[in-house]
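# Secondary and tertiary structure notes
Here is what each chain is made of, one letter per residue.
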Amino acid sequence: MIHSLFLINSSGDIFLEKHWKSVVSRSVCDYFFEAQERATEAENVPPVISTPHHYLLSVYRHKIFFVAVIQTEVPPLFVIEFLHRVVDTFQDYFGVCSEPVIKDNVVVVYEVLEEMLDNGFPLATESNILKELIKPPTILRTVVNTITGSTNVGDQLPTGQLSVVPWRRTGVKYTNNEAYFDVIEEIDAIIDKSGSTVTAEIQGVIDACVKLTGMPDLTLSFVNPRLLDDVSFHPCVRFKRWESERMLSFIPPDGNFHLLSYHVSAQNLVAIPVYVKHNISFRDSSSLGRFEITVGPKQTMGKTIEGVTVSSQMPRGVLSMNLTPSQGTHTFDPVTKMLSWDVGKINPQKLPSLKGTMSLQAGASKPDENPTINLQFKIQQLAISGLKVNRLDMYGEKYKPFKGIKYMTKAGKFQVRT
Amino acid sequence: MSAAPAYSEDKGGSAGPGEPEYGHDPASGGIFSSDYKRHDDLKEMLDTNKDSLKLEAMKRIVAMIARGKNASDLFPAVVKNVACKNIEDPNQLIRASALRVLSSIRVPIIVPIMMLAIKEAASDMSPYVRKTAAHAIPKLYSLDSDQKDQLIEVIEKLLADKTTLVAGSVVMAFEEVCPERIDLIHKNYRKLCNLLIDVEEWGQVVIISMLTRYARTQFLSPTQNESLLEENPEKAFYGSEEDEAKGPGSEAAASTALPARKPYVMDPDHRLLLRNTKPLLQSRSAAVVMAVAQLYFHLAPKAEVGVIAKALVRLLRSHSEVQYVVLQNVATMSIKRRGMFEPYLKSFYIRSTDPTQIKILKLEVLTNLANETNIPTVLREFQTYIRSMDKDFVAATIQAIGRCATNIGRVRDTCLNGLVQLLSNRDELVVAESVVVIKKLLQMQPAQHGEIIKHLAKLTDNIQVPMARASILWLIGEYCEHVPRIAPDVLRKMAKSFTAEEDIVKLQVINLAAKLYLTNSKQTKLLTQYVLSLAKYDQNYDIRDRARFTRQLIVPSEQGGALSRHAKKLFLAPKPAPVLESSFKDRDHFQLGSLSHLLNAKATGYQELPDWPEEAPDPSVRNVEVPEWTKCSNREKRREKEKPFYSDSEGESGPTESADSDPESESESDSKSSSESGSGESSSESDNKDQDEDEEKGRSSESEHGEEEGKQRNMKQRKKAPEGQEGGSSSEEGGDSSSSSESEMTSETEEEQVEPASWRKKTPPSSRSAPAAKEISLLDLEDFTPPSVQPVSPPTVVSTSLAADLEGLTLTDSPLVPSLLSPVLGVGRQELLHRVAGEGLVVDYTFSRQPFSGDPHMVSVHIHFSNSSDTPIKGLHVGTPKLPAGISIQEFPEIESLAPGESATAVMGINFCDSTQAANFQLCTQTRQFYVSIQPPVGELMAPLFMSENEFKKEQGKLSGMNEITEKLTLPDTCRSDHVVVQKVTATANLGRVPCGTSDEYRFAGRTLTSGSLVLLTLDAQPTGAAQLTVNSEKMVIGTMLVKDVVQALTQ
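Residues numbered from 1 in each chain as written. Chains lettered and ligands numbered in written order. Predicted model: local features only at pLDDT ≥ 70, side-chain atom pairs only at ≥ 80, totals over all residues. Heavy atoms only, no water.

## Some remarks on the overall build of chain B
The following threshold applies: In this text, helices come from DSSP runs of H or I with a minimum length of four residues, and strands from runs of E with a minimum of two, each type numbered from the N-terminal end. Relative accessibility decides the category of a residue: with a 1.4 Å probe and only protein chains considered, values under 20% of the type maximum give buried, values over 50% give exposed, and everything between is partly exposed. Here, residues are in contact when the closest pair of their heavy atoms is within 4.5 Å. Here the Shrake-Rupley method, with its probe set to 1.4 Å, supplies the accessible areas, and only the displayed protein chains count as covering residues.
Within chain B, the regular secondary structure consists of 48 helices and 15 strands. Out of the 1052 residues in chain B, the part that is buried amounts to 58%. The long-range fraction of contacts in chain B, counting pairs at least 24 apart against all pairs at least 6 apart in sequence, stands at 70%. Total accessible area on chain B is roughly 43,600 Å²; 52% of this is exposed by carbon and sulfur atoms.

In structure tokens, the structure reads:
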């Protein structure tokens, strides 16, 4: 299946390679570089490239290309999904996944990669099992290892792979038993020029951080499970139980994991918590354009909107912008033409606004497109769909765990067309 | 070989201090003079059991290597000693690792050892070691393909393995080594289907894609009856697919799709595969979802394919690479099954932050989805795209508009006008692309568009893009009769700039000259000659060639060419309009989700998806020997021990064979298929039930079976559960025309109802009046009839009530269905309104025991209306209910008219708030109002719950004391068999049977609908007839009443 893996940074250097079968020459990446050149932007590099003898499948994350080389037919999503899993694992291990970090931990990286694939077929991809096999680096351990020359390979043999619950190891022990669940909803919306909603939908995830002793069996039920239109589960969730009772019943993995992601049915009208008033105009005659944005709350259910940032890709003709914000800071990058405005909290009494002028390239005709405005924001303690967790129960263990649920609403891909 | 010395050097390190001595010992050096024989000797030494001899041999080998001798043929013997030692380690993990290491040594010489090790590991006790053995198979195969036959034996053995750990890996080995040996799968097919949900994600992908191929060779096409309709898929299947198989409506819709011809009956195994893969659409892994989607696309009957759309749309939220692959597949699917994705149209709207390649794919999908109803929305969307900064994307959008215009005649003019307006765009690329598209559109109906051609002619002064210039020239030449005055002038201008033009433009200039010469030689003769002369000396030979050829053809020469008489016919022959079609058309001959499909070229190692067979191969090959019943208890023990994660507690089976590879359930379906081969499993469910009952009487002591029966019943009631749904759909495939027509009708009304609301929503007055003047409307959309902006996504209320409505309709319309859907109707029909009191209107109600689709807390009540008067009754609906606190009603949709003698059924939901208070409401017709009330028996206030015996006991332990109500009773003689008891209890209360160890104890569990409190019922019956009934419930009132009701039912 997967023959080799190359890691390529944004300047086009192969800084790590790993082969699971025979060695494939680096020169195979030339085809990739060719495509990269053609694509101008990194995200436009086609994920699948066909070369005379190999196929190159790549994902681009954290400014690194992960290029897998395969030789025979294999479902492309299989490989892409795996590569993303590799990135997630690195992130899990090292906190961030960047070129310097990978280079620093190259030994662990190789060990992990060796365990994840056997002869090109995925072997152990659950982070819990991997961590049992190969301990993630900590400062102390790194120091000890450099002195003693030992490695990160665990001394204890992992048992997870053998149990019926492959995502959880046995013998987990905590003094404080706690289970936290974050319900995070993201609003994807396109708002048109006049402020009406073109499309809006809510995508949610429930992230869990479960630190419980032993083999707890949890059930999580919702007050209004009917809101969930389409769901996908972590493999630990018992599907039949959901089908019949609409409750999540699972033996959780240890630590952080993604319990569920869901889509709120499109039939429900989505409350849009913010509005953007904008007036962006270019005049034909002068080389100055007017720019004015105001952001205000709308349907927020009484909560404050925080962490608002506005960003917009200005047309190529814009040379510079002379703007004054009523609050927050703004920057305009004259090279990428990216305007971003860090607004912060919205105070309903005094709406934040950004006003000023844009100067255009002299002589150039006025751009005929208006920039779209991308919005980011956060609302704490609110799940915009109205989803509510009813209760969390634990079976199988005696102690009383500490339970916590947090709700949050965020902007996903929230775009305002102007 | 190269690894051999390296290896031995390593060994040298560990061989210890003895090494240098031997290395320099002249005496031992002498031994190696005739070394061939000595090697045998050494091998023998290595093969012995004595460690000392082995050590001696090792030392000698090291010495040999130190002297530079070739000892590589001893390598296997050494490896065997090192790795094989670990292969026999008591710890399974070490055994597995040893095998992994051994099999990773890519040296041909160790093949026999590897083979041996694999064979041994394949019969290891530990499933993990067996899994490693499966992994090692392809490694060995790539090292030495001659071992194939032996390896196939191992694969065959491992395929029979019953653990989920092994399944994925062995199928992967199967795919790499012997994908053509489909016969190996037969015996394991059902097991693989059943294990699937518990296999890890990567294995699932491999198994699903293998099973797709398998199913294509073994089953008949589920669409064979539809093949006639396939000619026109867009028209014929809207109705059925829009339903997205969501509610019970889909079943009715399924029957629409099937004209009542020779009934196609799906092989039960085929159904099993579809049923067991469906939950995997909920997987977090995109690869698994895609694998299931392609399986459904290639294997499922048309009406069922819709379920995958939602999951695929969900994947669009994922990383851009995933989006890329998914969109490619959606693009292909959307050509074949457009209706499937129509409800999700908006999910494909493009954001300015999408990467270009994603934008273009989404555009492709949007274009494929465009049809008469949604085209206004789609075009309005396109209109915003045209102003994007991403020019490649704009060009693609213009192409897309062109395609919409060709596909949908109604909007052709609008699109054309829009495109013409784009011609004044400042961006040249946009203009050029528009010209090219306009050219194609004009070819369809040139006569009406003289104006546009004139407009284009003017553009020749400005447009520099060669392709666009060439297109304009071609258009003018082709339709020069429509622009008789302009055409010669254009030629004049072009002649002037001829030498500076691009080749492609030059060719078109020659073309134009020739055409004008033929139609209007008076004005253009000299110009033509001038152009041809210029062309004669052009640098490009193509152009010289064309000039020479054209001259011969149009200018009559002395030789009097026969061709020149026909020149006009040659040049001005009517040309067919080009077809603008998707590049994704016909890509579905590649298996979806495969690399080959993505590249649209056959990748190495791609396995062609076989066509359906004409005749189904013998289905009995998949039968597995039926195990003896007596082994039952034994097996149960085993199951306890290694029961897979999913299938515990929720009470496996039902009609689905559980994920657990329970041979029992397998055998059950075996007996079905063998006894009535050919008839679909689920369609025959109703007769099966009877059969089962008989069987059950035969071995009533077999409590396990009874349990399954109970569940089966419950599963059927849960219409939402996939089993129920599918069962229904296939059973109705016979084609019930009346119900099908109804479903069509309702789907129409659904759209109508949605229309006004959404229209209002879409265009609030402000958007029209405000900056309308400033906005350049590229595509003038006002001349559309007010469109139904979103036929997509009707509001929940409408759809659910409609679904409920449909459910009701099917119930009365086909006599088959009721028995199938709700085998246990709690209480028979009860009268709500008498004929006399209702002035001819008779109203009955039943508790259907199906979950109410609108709200799980509601009891779903089926209301049957029939009109026994001789005038139609109109406008039947629920009037303002006066309800006690807490009770709420979900009204049924108004029944517009009920003709004399007709009857209708509606479903309403009532939340009784866990009390037996009556719900009073008014039933209104256009003329009258009737006060009616529905009082539920306590048993209807709950829904069955599946739990295991242990769970039951645990819960029961929690509900003791005040919450426990006990009653003693004596069972009459008629009521002592299992069957009767179970039936009576379940008829009284809507509870689910809980499996039970002892034969004369019966346990049932349920939850009250509103508060979800547990209701546990235990009946301990002595053979003498004395019995004790215990009910545990938090709701004491309910408990008490339930006890009363059940005792009454049992003792009567």
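## What about the sheet that holds strand E14 (residues 274-282) of chain A?
All names here are of chain A. Where we set the bar: Two strands qualify as a pair provided that DSSP identifies no fewer than 2 bridges between them. Simply put, an axis is a line fit to the C-alpha atoms, just over the touching stretch for a helix, and the angle between two N-to-C directions goes from 0 to 180 degrees.
Across the sheet, which stays open at both edges, the 4 strands sit in the order E14-E15-E20-E17 with antiparallel pairing between neighbours. The open sheet has two edge strands, E14 and strand E17 (318-325), and neither has a second partner. Within the sheet, the average angular offset between the axes of one strand and its neighbour, ignoring direction, is 15 degrees. As defined by bridge partners, E14 adjoins strand E15 (residues 288-297) across 9 bridges and the pair is classed as antiparallel. Considered in E15, the bridge of Phe282 is made with Gly289.

## Some words on the packing of helix H33 (residues 521-536) of chain B against helix H34 (residues 541-554) of chain B
Residue and element names in this part refer to chain B. Put simply, the test is: Should the near helix be turned anticlockwise from the far one by less than a right angle, the crossing is termed left-handed; should it be turned clockwise, right-handed. In the scheme used here, Gly and all other residues not listed as nonpolar or charged are polar, with Ala, Val, Leu, Ile, Met, Phe, Trp, Tyr, Cys and Pro taken as nonpolar and Asp, Glu, Lys and Arg as charged.
Closest axis-to-axis distance for the H33/H34 pair is 8 Å, and the angle between their directions is 145 degrees. Between H33 and H34 lies a crossing whose hand is left-handed. Residue-level contacts link Thr528, Gln529, Leu532, Ser533, Ala535 and Lys536 of H33 to Ile543, Arg544, Ala547, Thr550, Arg551 and Ile554 of H34. Residue composition of the contact of H33 with H34, grouped by class: 5 nonpolar, 4 polar and 3 charged.

## Notes on the interface of chain B and chain A
Going by this rule: Accessible area, probed at 1.4 Å, shrinks when two parts are joined; the buried area is that loss added up over both. We define a salt bridge as a side-chain nitrogen of Lys or Arg found within 4 Å of a carboxyl oxygen belonging to Asp or Glu. Each polar contact in these results corresponds to two N or O atoms within 3.5 Å; when the atoms are within protein, one needs to be able to donate a hydrogen and the other to accept it, and residues that are neighboring in sequence are counted only if both atoms are side-chain atoms.
Across the boundary between the two partners, chain B contributes 102 residues, which contact 96 residues of chain A. Taken together, both faces of the contact between chain B and chain A bury some 8,600 Å²; the carbon and sulfur share is 54%. Taken together, chain B and chain A are joined by 11 salt bridges. Inspection of the chain B/chain A interface yields 35 residue pairs in polar contact (both at pLDDT 80 or more). For the side of chain B that touches chain A, the element with the highest residue contribution is helix H22 (residues 320-336) of chain B, accounting for 6 residues.

## Some points on the nonpolar core
To keep it simple, the criterion reads: The term nonpolar core refers to a set of buried residues drawn from Ala, Val, Leu, Ile, Met, Phe, Trp, Tyr and Cys, joined through side-chain atoms within 4.5 Å.
Judged by nonpolar contacts, the single largest core of 303 residues is most densely connected at Leu259 and Phe414 of chain A together with Phe348 of chain B. For this core, the element with the most residues is helix H19 (residues 286-299) of chain B, which contributes 12 residues. Not counting chain neighbours up to four residues away, the residues in contact with Phe348 of chain B comprise Val313, Leu316, Leu327, Val330, Phe341, Lys362, Val365, Leu366 and Leu369 of chain B. Counting 58 residues, the second-largest nonpolar core is a separate cluster that includes Ile895, Ala906, Phe1004 and Val1043 of chain B.

## Overview of the environment of Met467 of chain B
All names here are of chain B. When you line up the elements, Met467 lands in helix H30 (residues 466-478). Relative accessible area serves as the criterion here: at 40%, Met467 is assigned to the partly exposed category. As for Met467 and Ile504, which are separated by 37 residues in sequence, their C-alpha atoms are 7.3 Å apart. Not counting residues within four places of it along the chain, the set of residues in contact with Met467 comprises Val436 and Ile504.

## Some points on the pattern of salt bridges
All names here are of chain A. Applying the stated rule across the entire model yields 43 salt bridges over all chains. Arg38 serves as the salt-bridge partner of Glu34, at 3.7 Å between the closest nitrogen and oxygen. Highlighted residues: Glu34 and Arg38, both in helix H1 (residues 29-39), separated by 4 residues, approximately one helical turn. The exposure class of Arg38 is exposed, given its relative accessible area of 64%.

## Observations regarding the side chain of Asn194 of chain B
With respect to the element layout, Asn194 of chain B can be found in helix H12 (residues 189-195). Within the local environment of Asn194 of chain B, its side chain forms a polar contact with the side chain of Asn276 of chain B, the two groups lying 3.1 Å apart.

## A look at helix H31 (residues 486-497) of chain B
Three or four residues apart is the spacing at which side chains of an α-helix point the same way, because the helix has 3.6 residues per turn. All names here are of chain B. Which entries qualify depends on this criterion: A helix is expected to reach a length of 1.5 Å times the quantity of its residues less one. Taken from the helix axis, the directions to the C-beta atoms give the arc we talk about.
An ideal rise of 1.5 Å per residue puts 16 Å on 12 residues; H31 measures up with 17 Å between its terminal C-alpha atoms. Looking only at H31, the buried set comprises Ala487, Pro488, Val490, Leu491, Met494 and Ala495. Down the axis of H31, the buried set is contained in an arc of 155 degrees. They therefore lie on one face. Buried residues along H31 sit against helix H29 (450-459), H30, helix H32 (503-519) and H33.

## Remarks on the packing of helix H11 (residues 164-177) of chain B against helix H13 (residues 201-218) of chain B
Residues and elements named next belong to chain B. Formally: An angle below 35 degrees is treated as roughly parallel, one above 145 as roughly antiparallel, one from 65 to 115 as roughly perpendicular, and anything else as oblique.
At their nearest, the axes of H11 and H13 sit 8 Å apart, and the two run at 50 degrees to each other. Looking at the two axes, H11 sits oblique to H13. Two packed elements cross with a definite hand, and for H11 against H13 that hand is left-handed. For the pair H11 and H13, contact is made by Ala167, Gly168, Val171, Met172, Phe174 and Glu175 and by Gly203, Val206, Ile207, Ser209, Met210 and Arg213, respectively. Grouping the amino acids of the contact of H11 with H13 by side-chain chemistry returns 7 nonpolar, 3 polar and 2 charged.

## Details of the sheet that holds strand E8 (residues 919-924) of chain B
Residues and elements named next belong to chain B. The 4 strands lie next to each other as E6-E4-E8-E9, forming an open sheet whose pairing is antiparallel. Edge strands, defined here as strands with exactly one partner in the open sheet, are strand E6 (895-898) and strand E9 (929-934). The mean inter-strand angle of the sheet, taken between neighbouring strand axes irrespective of direction, is 30 degrees. Here strand E4 (residues 873-879) pairs with E6 via 3 bridges, running antiparallel. Opposite Lys874, over in E6, you have Ser897 as the bridge partner.

## Here we look at empty space enclosed by the protein
In plain terms, the rule: With a 1 Å grid laid over protein atoms only, a set of points is called a cavity when a 1.4 Å probe fits there but cannot get out and a pocket when it is open yet has protein on both sides within 12 Å along at least five of seven lines; lining residues have an atom within 4 Å of a point. Grid points are joined across faces, edges and corners, and a volume is the space filled by probe spheres set on the points.
A volume near 230 Å³ is recorded for the second largest cavity. Residues of the lining of the second largest cavity, tallied by class, amount to 4 nonpolar, 5 polar and 12 charged.

## Remarks on the environment of Val531 of chain B
All names here are of chain B. Within the secondary structure, Val531 is located in helix H33. Overall, Val531 belongs to the buried group, its relative accessible area being 0%. Between the C-alpha atoms of Val531 and Ala514, which are 17 residues apart in sequence, the distance is 9.7 Å. Once residues within four sequence positions are removed from consideration, Val531 is found in contact with Leu491, Ala495, Phe498, Val509, Ile510 and Ala513.

## Here we look at the side chain of Ser1033 of chain B
All names here are of chain B. One can find Ser1033 in strand E15 (residues 1026-1033). A relative accessible area of 1% means that Ser1033 is categorised as buried. Of the polar contacts made by the side chain of Ser1033, one reaches the backbone oxygen of Leu1014; its length is 3.2 Å. Engagement of the side chain of Ser1033 in a polar contact is seen with the backbone nitrogen of Lys1035, the distance being 3.1 Å. Apart from the residues within four sequence positions on either side, Ser1033 is in contact with Leu959, Asn963, Leu1014 and Val1015.

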